[in-house]
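Spelled out from the first residue to the last, the chains are:
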2 protein chains.
Amino acid sequence: MSEKMFIRLPTGETLEAVKGENLLHALKRHGVYLVASCGGKGLCGKCRVNIISGKYSIKSKGKLEPDEISSGIVLACQTYPEEELIIDIPKESKLVIGDIIEISRAKYFSDLFRSLNGKISPLLRWVTLEITPPTLNNNIGDLERLKKAIEEKGIKGMSFPHEFITTLADSLRDAEWKVNFAYTDDHKAIFISSIKDKKSYGVAVDIGTTTVVVYLVDMKDGSLVDVGSTYNSQIRYGDDVITRIIYATESGGLDDLRDKVVNDINNLLRPIIERHSIEPEDIESAVISGNTTMSHLFWGLNPAYIREEPYTPALNTFPLWDAETAKLDINLRSPLYTLPCVSSYVGGDIVAGLLASKMHRNDEISLFMDIGTNGEIVIGNKEWLITSACSAGPCFEGSGIRHGMRATNGAIEAVKIDQRTLEPVLSVIGNSKPIGICGSGMIDAITELFLSGVIDQKGKFLMGLDTERVRGGIEGPEFVFSSDGQRDIVLTEVDIENIIRAKAAIYAGISLLLKKVGFTHSDVERIYIAGGFGNYLNIDKAVIIGMLPDLPKERFILLGNASIVGAYLCLMSENMRKEAEEIAQKMTNIELSVSRRFMDEYLSALFLPHTDIGLFPTVGKLLRNK
Amino acid sequence: MSEKMFIRLPTGETLEAVKGENLLHALKRHGVYLVASCGGKGLCGKCRVNIISGKYSIKSKGKLEPDEISSGIVLACQTYPEEELIIDIPKESKLVIGDIIEISRAKYFSDLFRSLNGKISPLLRWVTLEITPPTLNNNIGDLERLKKAIEEKGIKGMSFPHEFITTLADSLRDAEWKVNFAYTDDHKAIFISSIKDKKSYGVAVDIGTTTVVVYLVDMKDGSLVDVGSTYNSQIRYGDDVITRIIYATESGGLDDLRDKVVNDINNLLRPIIERHSIEPEDIESAVISGNTTMSHLFWGLNPAYIREEPYTPALNTFPLWDAETAKLDINLRSPLYTLPCVSSYVGGDIVAGLLASKMHRNDEISLFMDIGTNGEIVIGNKEWLITSACSAGPCFEGSGIRHGMRATNGAIEAVKIDQRTLEPVLSVIGNSKPIGICGSGMIDAITELFLSGVIDQKGKFLMGLDTERVRGGIEGPEFVFSSDGQRDIVLTEVDIENIIRAKAAIYAGISLLLKKVGFTHSDVERIYIAGGFGNYLNIDKAVIIGMLPDLPKERFILLGNASIVGAYLCLMSENMRKEAEEIAQKMTNIELSVSRRFMDEYLSALFLPHTDIGLFPTVGKLLRNK
């Protein structure tokens with residue numbers, strides 16, 4: 001076995017691999033990026049490649065099915081070349097450069113920013129100072145001279161870290177006393193530079209329990225440079241925040257969780273930075289939006305008391321700390337703004353989402369829902385805001401669902417089942433071969449299975465149907481949505497049970513919160529739906545399964561990932577950061593989970609659409625008309 | 001040669017030495033401290049021990065004289081045992097535990113503090129907070145809960161470092177919500193502790209160009225716990241600030257100089273801390289007083305522009321940085337206050353000295369002089385203050401003088417010469433065998449040599465005197481003050497020339513500064529003299545050599561080391577720190593060194609007492625009466 005081997009791609013390109021290096025890593029080194037949501041741990045099964053010829057060894061087969069294995073499919077992250085390999089990379093395994101869906105939102109971002117009257121004022125501010133050089137008659141200290149020039153610009157109360165002062169005397173003279181001075185939002189001196197019109201970038205980060213999204217923004221004009229997203233690598237320690245908190249209290253657990261998510265962000269940024277020939281030093285600010293637990297873990301703060309009654313976070317409002325403290329691979333002095341949280345289970349992501357929705361500026365009573373790994377709900381208007389979390393679980397983001405995935409290329413996003421033949425027609429994101437099913441696809445699928453009589457009102461498969469689509473699987477009955485001879489995409493009875501539990505938790509939360517403030521569903525004039533699957537959600541079908549209240553369709557607005565939009569807004573402007581803080585201050589948090597009434601509401605909602613069909617007049621009519 | 005050897009002291013005590021370890025180090029490891037002003041580099045010649053028997057090797061003989069070497073005297077820092085040694089340690093080589101002279105000032109300190117109406121308010125403040133524990137109805141974040149409790153005490157604008165937050169949740173619960181909260185003068189949160197009435201110490205540090213003095217203070221009542229002093233190890237790179245600045249601009253020079261002085265302080269603190277069984281963590285604040293260059297070097301800041309016209313320091317007013325940044329071996333979170341400087345050559349030590357003198361509070365016109373390594377002068381009253389530095393050089397601190405030393409045990413502090421026999425009578429600090437001559441002894445000696453006709457008005461030795469005390473030495477003529485058969489103490493013509501230059505610079509500075517503000521010497525109603533030799537200075541004789549103006553003796557007040565007193569005051573109280581800042585603000589700095597008139601004044605003063613004897617009526621009368 002030689003020390004160096006080669007990998008030949010179908011394009012004819014030949015890449016060099018080093019002994020002991022896995023295929024995923026070797027390809028990445030040569031700029032060929034594969035989807036690897038789990039970070040190359042053999043867990044997500046996304047980095048599948050086809051070995052056409054050559055010898056190799058395999059560490060793990062992961063979730064590959066027997067027929068895939070026999071046809072030469074391997075997981076690149078688990079495969080070690082032992083001689084020259086000729087490989088083929090299936091389309092679904094290739095990482096799309098940027099994220100087409102997110103990039104298409106660029107105009108929405110700038111339009112929204114404008115509609116909010118946002119003024120560009122980054123966390124790191126630059127001001128040009130023309131300082132009078134010292135003379136024998138005026139030879140005060142350099143710092144005192146700089147302070148005077150700063151105060152003449154009307155900027156007061158600057159603090160000067162030791163590091164800044166160590167280079168001050170030389171920097172001032174190098175710049176010949178005409179300096180560009182940078183300081184943070186909270187008036188900490190950061191840099192002096194002689195260069196004018198230097199590049200300046202910022203990063204908006206949405207840390208979800210399931211996914212991490214990064215936006216690179218040109219701070220000169222707010223334009224979106226690129227986007228990256230991946231699964232949150234903390235997933236290996238559990239799908240929900242509770243299991244992560246438990247792991248965080250184990251020895252080394254907190255550091256481990258922190259490193260995982262920080263590495264995810266750094267790993268997303270690295271190829272973007274390379275692609276656009278950006279110096280990491282030119283990324284001068286960042287905004288972090290995440291739920292309360294994610295925000296704690298990102299900063300390495302003990303989240304233990306979030307889980308214990310009376311559910312208190314270490315903090316809700318985060319000071320500006322720097323990139324070095326966060327261990328982010330951008331300019332180490334960059335200030336990082338963390339979206340303020342409201343309570344242990346209503347975090348900065350919800351505050352960010354609300355900011356993006358603008359409901360806090362309106363008179364009408366609105367309902368804001370973020371259906372991500374958890375389900376958070378806000379009800380209110382410009383006068384008042386009431387909020388709560390309901391443990392919906394991460395299934396709509398693909399977690400805990402056999403072939404679940406995020407709403408990216410290859411995901412089944414919509415399903416139509418012929419009620420006679422029970423044959424499904426699938427709509428797949430990117431019009432490619434289906435590789436999984438995302439949140440909106442799940443809701444569609446359950447609705448169709450329910451309306452076609454494949455499953456009952458409790459989500460259980462009916463027996464003796466005349467179709468081969470329903471079969472017995474490892475976990476019990478399952479419905480086969482697609483099969484290409486290599487890999488089947490199914491929805492199992494266990495999957496359906498999980499989804500019904502999630503939708504019940506969300507509906508119960510909405511109902512109880514409305515009762516708390518003395519309103520009914522029909523009083524809600526606007527419903528904003530945020531979350532990874534938001535863009536593809538079929539409202540009618542979400543009403544049919546009883547996840548959303550039975551209200552006129554025009555009242556619903558899909559926001560998609562509103563957390564990252566809010567993070568972008570806060571990255572751009574001080575006004576937006578102030579507005580986010582006002583939102584967090586205004587929100588009254590209700591602890592639904594400790595309420596016995598919540599359990600009653602939840603149990604009533606564990607049904608398609610609900611045990612009280614009177615709450616769903618449209619669905620009742622539909623079922624009667626069948 | 002074995003790996004381990006033994007050192008036997010005359011007391012019978014036997015200590016173990018390790019191969020390759022010098023004697024100084026071996027003794028220190030066993031708690032036997034020798035005087036080693038140079039830090040064990042073979043330069044100061046102070047760590048002399050007598051080898052009675054046993055084999056050893058020597059790296060350098062340093063400044064030992066041939067008869068010393070032949071009688072078995074070695075420098076402990078240059079001596080490596082090769083088998084069991086029996087040694088004797090001369091009294092003058094033993095480090096006195098504490099510093100008797102400084103400790104005797106303890107009452108003066110507390111009296112002064114009281115007379116200034118100082119209130120104890122350290123840089124690190126403690127406040128006890130009784131926080132209402134969280135409940136389900138009030139489960140805001142721990143930080144928000146803490147902030148509320150802090151604000152209820154009337155304390156606003158607290159900043160919270162990341163490190164503080166990482167332990168917050170557990171600290172609050174460990175203390176059961178009754179916490180002692182510590183924060184800095186500039187409102188940075190530092191600690192939370194459950195312990196009440198914990199010990200709290202502070203350190204006042206005077207960094208002189210020649211010497212470093214450390215005071216350990218009990219912050220509960222301001223009492224002096226212990227004192228340490230040593231030569232500034234930077235001396236190996238030059239005696240004055242200019243040579244140090246030049247070395248700082250060489251590669252690695254700045255770091256080297258910084259490490260040297262920081263190590264000096266740490267080395268002074270270590271035995272004190274051990275002696276009093278104090279935990280370094282309990283030292284929670286420190287104040288640094290030094291001239292502008294010393295302050296820059298202590299903080300690792302480039303002092304290059306101090307030396308270049310128009311003589312600008314990087315900064316005069318130092319922010320509060322912490323012990324970790326300073327690399328001080330005390331509690332790493334301790335805030336460090338640096339006395340504010342006025343200009344490149346009038347530093348925080350002068351501001352500290354002025355604070356201790358109280359002249360800035362009085363109506364009468366006073367003159368403040370600090371005669372240390374440099375000579376700094378301040379003239380003024382409570383309305384105005386004018387200041388300048390005159391390059392007096394470090395000779396009064398013992399540097400550049402053959403047998404020069406600081407005013408500690410063994411120093412000749414006063415001299416009387418019989419005008420007939422030319423035999424001297426010496427007064428030695430600690431009534432011990434003389435081991436050198438300190439600043440006040442030098443002034444005495446020159447006066448006596450001048451009045452006895454041994455030297456002329458230019459400081460040159462007269463020829464053909466009937467005494468063996470005057471002899472030809474390595475550097476030309478010299479006067480032998482003491483001789484015990486082992487080691488002679490002399491003053492050479494080169495020494496005398498250096499001393500006359502220093503006194504001329506000081507006198508010229510006073511004269512010119514008075515002329516600048518339109519006053520004459522006789523307008524000065526009070527003269528404060530600070531500096532290492534201050535306590536022993538014979539005013540009459542300092543007037544005779546023309547160092548001090550010829551004014552009534554009762555106008556002179558000797559302050560001793562006023563810089564450390566000012567540092568102590570600032571360590572104790574916020575009021576004192578504010579007052580120090582007001583003093584620094586009020587002082588108008590005059591650059592004498594660039595004035596041609598200064599050179600004229602200086603040249604006129606290079607004479608005993610002065611070329612214009614009319615300025616010294618008392619001395620003129622004395623000379624006429626001879």
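Residues numbered from 1 in each chain as written. Chains lettered and ligands numbered in written order. Predicted model: local features only at pLDDT ≥ 70, side-chain atom pairs only at ≥ 80, totals over all residues.

S.K.: Go over unusual backbone geometry with me, naming the residues and quoting the values.
M.R.: Here L608 of chain A and P609 of chain A are connected by a cis peptide whose omega angle stands at -10 degrees. Between E309 of chain B and the following residue, P310 of chain B, the backbone shows a cis peptide bond with an omega angle of 5 degrees. Mapping P310 of chain B onto the fold places it in the loop between α11 (304-307) and β15 (321-322). At W177 of chain A, a position not held by glycine, the phi torsion is positive, near 70 degrees. Of note, W177 of chain A is situated in the loop between α7 (168-174) and β9 (178-184). (Helix = DSSP H or I, 4+ residues; strand = E, 2+ residues; numbered from the N terminus.)

S.K.: Hey, could you go over the pairing of strand β20 (residues 411-417) of chain B for me, with residue numbers and the actual values?
M.R.: All names here are of chain B. For β20, a buried count of 6 out of 7 residues is recorded, marking the element as mostly surrounded by other parts of the structure. Summarising the sheet, β20 and strand β21 (residues 424-428) pair through 5 bridges and their orientation is antiparallel. Its bridge partner being in β21, V415 is matched across the sheet by L426. Linking β20 back to β21 in an antiparallel pair, the connection comprises 6 residues, with L422 at a positive phi of about 65 degrees. (Buried ≥ 20, exposed ≤ 12 C-beta atoms within 10 Å, placed from the backbone. Pairing = 2+ DSSP bridges.)

S.K.: Account for the packing of helix α15 (residues 493-516) of chain A against helix α19 (residues 596-604) of chain A, naming residues and giving values.
M.R.: Residue and element names in this part refer to chain A. The contact between α15 and α19 brings their axes to 8 Å, and the two run at 130 degrees. Judged on the interaxial angle alone, α19 and α15 are oblique. Considering only the axes of α15 and α19, their crossing is right-handed. The segment α15 lies against α19, with A504, A505, A508, S511 and L512 engaging R597, F598, E601 and Y602. Here the contact of α15 with α19 is built from residues that sort into 6 nonpolar, 1 polar and 2 charged. (Axes fitted to C-alpha atoms, helices over the stretch in contact; angles between N-to-C directions. Parallel < 35°, antiparallel > 145°, perpendicular 65-115°, else oblique. Left-handed = near helix turned anticlockwise from the far one by under 90°. Contact = placed C-beta atoms within 7 Å. Nonpolar A, V, L, I, M, F, W, Y, C, P; charged D, E, K, R; others polar.)

S.K.: Which residues make up the environment of M294 of chain A, and what values do they have?
M.R.: Residue and element names in this part refer to chain A. Take M294: it is sitting in helix α10 (residues 292-298). Classification of M294 as buried rests on a count of 28 C-beta atoms within 10 Å. Remark: the alpha-carbon pair of M294 and L257, spanning 37 residues in sequence, is separated by 9.5 Å. Once you skip the residues sitting within four places of it in the chain, M294 turns out to touch I207, T209 and G347.

S.K.: Could you give an account of the sheet that holds strand β24 (residues 476-483) of chain A, naming the residues involved and the relevant values?
M.R.: One key point about sheets: their strands pair by backbone hydrogen bonds, in either a parallel or an antiparallel sense. All names here are of chain A. In spatial order, the strands read β23-β24-β25; together these 3 strands make up an open sheet with antiparallel pairing. Of all the strands in the sheet, just β23 (470-473) and β25 (488-492) have a single pairing partner and so form its edges. Going from strand to strand, the sheet's axes swing by 45 degrees on average, the running direction of each strand aside. Where α15 meets the sheet, it contacts β24 and β25, and its direction lies at approximately 55 degrees from that of β25.

S.K.: Any details on helix α18 (residues 574-586) of chain B? Residues and values, ideally.
M.R.: Residue and element names in this part refer to chain B. Between its terminal C-alpha atoms α18 stretches 18 Å, which fits the 18 Å expected from 13 residues at 1.5 Å a residue. Those residues of α18 lying buried are M576, R577, E579, A580, I583 and A584. Buried residues of α18, viewed axially, fall in a sector of 160 degrees; they line one side. Tucked inside the fold, the buried residues of α18 contact β16 (335-338), α13 (348-357), α17 (562-572) and β28 (587-589). (Expected span 1.5 Å × (residues − 1). Arc of directions from axis to C-beta.)

S.K.: Any details on the pairing of strand β2 (residues 14-18) of chain A? Residues and values, ideally.
M.R.: As judged from the 5 bridges shared by strand β1 (residues 4-8) of chain A and β2 of chain A, these two strands associate in the antiparallel manner. Its bridge partner lying in β2 of chain A, M5 of chain A is registered against A17 of chain A.

S.K.: A description of the relation of the copies chain B and chain A should follow, citing residues and the corresponding values.
M.R.: If you rotate chain B by 180 degrees and push it 0.0 Å along the axis, it lands on chain A with an RMSD of 0.1 Å. As the rotation angle and translation indicate, the two copies are arranged about a two-fold axis. Here 100% of the interface residues in chain B have copies in chain A that are interface residues too; the copies meet face to matching face. (Least-squares fit on C-alpha atoms with pLDDT ≥ 70 in both.)

S.K.: I'd like to hear about the confidence of the model for chain A, residue by residue, with values.
M.R.: Residue and element names in this part refer to chain A. Residues at a pLDDT of 70 or more form 96% of chain A, whose mean pLDDT is 90. Confidence drops under a pLDDT of 50 for residues 97-101, and excluding neighbours within four residues, the segment shows 6 contacts in the predicted structure. The ipTM, which scores confidence in the relative placement of chains, is 0.82 for this predicted complex, and the corresponding pTM is 0.81. (pLDDT = per-residue confidence, 0-100.)

S.K.: Outline the interface of chain B and chain A, supporting the account with residue identities and numerical values.
M.R.: Tallying the contact residues gives 38 residues for chain B and 38 residues for chain A. Contributions of two or more residues to the side of chain B that touches chain A are made by α5 (142-152), α6 (162-166), α7 (168-174) and α11 of chain B. In terms of residue class, the side of chain B that touches chain A is made up of 20 nonpolar, 13 polar and 5 charged.

S.K.: So, the nonpolar core: which residues are in play, and what are the values?
M.R.: In terms of nonpolar packing, the biggest core is built from 338 residues, with V214 and Y568 of chain A together with Y568 of chain B touching the most fellow members. Every residue in contact with Y568 of chain B, bar those within four places of it in the chain, is listed here: F109, A204, Y215 and V217 of chain B. Counting 20 residues, the second largest nonpolar core, distinct from the first, contains L23, C47, A76 and L85 of chain A. (Core = buried A, V, L, I, M, F, W, Y, C linked by C-beta atoms within 7 Å.)

S.K.: Talk me through the domain arrangement of chain A; I want residue IDs and the actual numbers.
M.R.: Residues and elements named next belong to chain A. Partitioning chain A into structural domains gives domain 1 (4-93), domain 2 (124-193) and domain 3 (201-339). Summarising the inter-unit geometry, the C-alpha centres of domain 2 and domain 3 are found 31 Å apart. Contacts between the two partners involve 6 residues from domain 2, matched on the other side by 6 residues from domain 3. Considered class by class, the residues forming the side of domain 2 that touches domain 3 number 3 nonpolar, 1 polar and 2 charged. (Domains from an automatic or database assignment.)

S.K.: Could you give an account of the sheet that holds β9 of chain A, with specific residues and numbers?
M.R.: All names here are of chain A. Spatially, 3 strands are ordered β8-β9-β10 in an open sheet, and the strand pairing comes out antiparallel. What marks the edges here is a single partner per strand, and that holds for β8 (124-130) and β10 (189-193). The mean angle between the axes of side-by-side strands here comes to 25 degrees, regardless of whether they run parallel or antiparallel.

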